[in-house]
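So you can see what is in the structure, the chains are spelled out below.
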Amino acid sequence: MLKSDIDAPDEIVALLKQGRQAPAGADVAALRTAVTAAAGFNAGDLRPFDGPATFHAVYEGHAPDGRAIMVRASVTSHEDVACAMGLNDRIHSACASAAVSTPGQIACDMTHEHVSYDFEVVDRIQGTSLNRLEPQEDAFRARLADVSEALARCHLGVPTQGFGLLDPRAAMSPDAPLTGTCATWAAYLGNHAEEHIHILRDHAEIDGETASRITERFAELSDIDGVSPCLLHGDTTAANIMLDGSGGIVLLDWEDALSGDPLFDLAALATFHPVERHPHIFEGYRRMRPTPRDQARVYWLYFLRISVAKQVHRIRFGLNTHPRHERARERIFLALGHLESTACAYC
């Protein structure tokens, strides 16, 4: 929920809205020099990458040995944004130990010695983005199950401490566990919750009655306890999932990574998909570990919390005029409907 929760002034959000804009003062020649100093090789063909981004400008190129690389340059030095870049190497190492594939970080430079912004150099995954399979529904559902299986391996293999967005200072030591910035899971879930409801009401996304229904359900979030935290991806949109050359799942873009309840990651994944695909998410996850049948209500509470945060993100970043916005808003009512009726059959 980083994009909805980021405590940044309007000028920072305005910059992030532009998505593909390069960092202030960016110059590709200067970035090539900085990459050479940080990574130890000359990426002479480095050039802007034509793809979506929020917190970073992205460049593509090659190392002298022909290896494809990506360079992600932070468009802002705002603390909440910059922290994830410094954590990526730790996340990659932790995921590798759990047999979860992520792009390897080759170098990370936050010194501003050669350029005025933070950047990292990562391996470029050769393969196909999962969203390319969208027109092939059966194939997509099968790979969606594989994605949730990969999440299960991550949840089983990477325990964490604390809750919420990860603290980069706590991870400076390679022996220290990945640690969330909140003392309790309920504190993270409740962060900005009331403010988010007000934003949706002020922008006529919901009426007063719906706002009251959401407030009543959000009150239940404080009763969720006994969570054993683990590493969560937090943003498993199909654009952040690659199929590598052998068909394996690779999870990209961990800037929303957090420490918390694994069921939250499943709910986050489900918010990107119609309900007809949800059973496949659980089927894949259960290949590795069970999901408690009595957690159906918690699942829909998470689904609701994430859906509200996503609508706030769309408003803050000017996406509320997109044709998909109306469909996205329907997720809120889907969750409320499940919470106010019977339990989920596949959870």
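What counts and what doesn't
- Residues numbered from 1 in each chain as written.
- Predicted model: local features only at pLDDT ≥ 70, side-chain atom pairs only at ≥ 80, totals over all residues.
- Heavy atoms only, no water.
- 1 Å grid on protein atoms, 1.4 Å probe; cavity = no way out; pocket = protein on both sides within 12 Å on 5 of 7 lines; lining within 4 Å.
- Points joined across faces, edges and corners; volume = space filled by probe spheres on them.
- Helix = DSSP H or I, 4+ residues; strand = E, 2+ residues; numbered from the N terminus.
- Nonpolar A, V, L, I, M, F, W, Y, C, P; charged D, E, K, R; others polar.
- Buried < 20%, exposed > 50% of the residue type's maximum accessible area, 1.4 Å probe, protein only.
- Pairing = 2+ DSSP bridges.
- Contact = heavy atoms within 4.5 Å.

*Asks:* What exactly am I supposed to notice about the layout of surface pockets here?
*Replies:* Gaps between atoms show up when a probe of the same size as a water molecule is rolled over them. Reported here for the second largest pocket is a volume of approximately 450 Å³. V227, D261, P262, L263 and Q295 are the residues nearest the centre of the second largest pocket, which is lined by 23 residues in total. In terms of residues, the lining of the second largest pocket owes the most to one element, helix 11 (residues 296-316), which gives three residues. In terms of residue class, the lining of the second largest pocket is made up of twelve nonpolar, five polar and six charged.

*Asks:* I tried to follow the pairing of strand 5 (residues 119-123) on my own but got confused; where do I start?
*Replies:* Each regular strand carries side chains that alternate between the two faces of the sheet. Taken across its five residues, strand 5 has four buried, putting it largely inside the fold. As judged from the five bridges shared by strand 3 (residues 68-74) and strand 5, these two strands associate in the antiparallel manner. Within strand 5, the residue paired with I69 across the bridge is D123. Pairing analysis gives four bridges linking strand 4 (residues 105-109) to strand 5, with the strands arranged antiparallel. Considered in strand 5, the bridge of Q105 is made with V122.

*Asks:* Would you explain the environment of F119 in this entry?
*Replies:* Secondary-structure assignment places F119 in strand 5. According to the relative accessible area criterion, F119 is buried, its value standing at 1%. Here F119 is in contact with L31, A34, V35, A38, V71, R72, A73, M85, C108 and D109, once residues within four sequence places are set aside.

*Asks:* Mind showing me how you'd approach unusual backbone geometry here?
*Replies:* The phi angle of most residues is negative, glycine excepted, and most peptide bonds adopt the trans form. At A99, a position not held by glycine, the phi torsion is positive, near 60 degrees. Here A99 shows up in the loop between helix 4 (79-97) and strand 4. Of note, A204 is a non-glycine position whose phi angle comes to about 60 degrees, a positive value. The topology assignment puts A204 in the loop between helix 7 (193-202) and helix 8 (208-218). A204 sits in the exposed class, given a relative accessible area of 60%.

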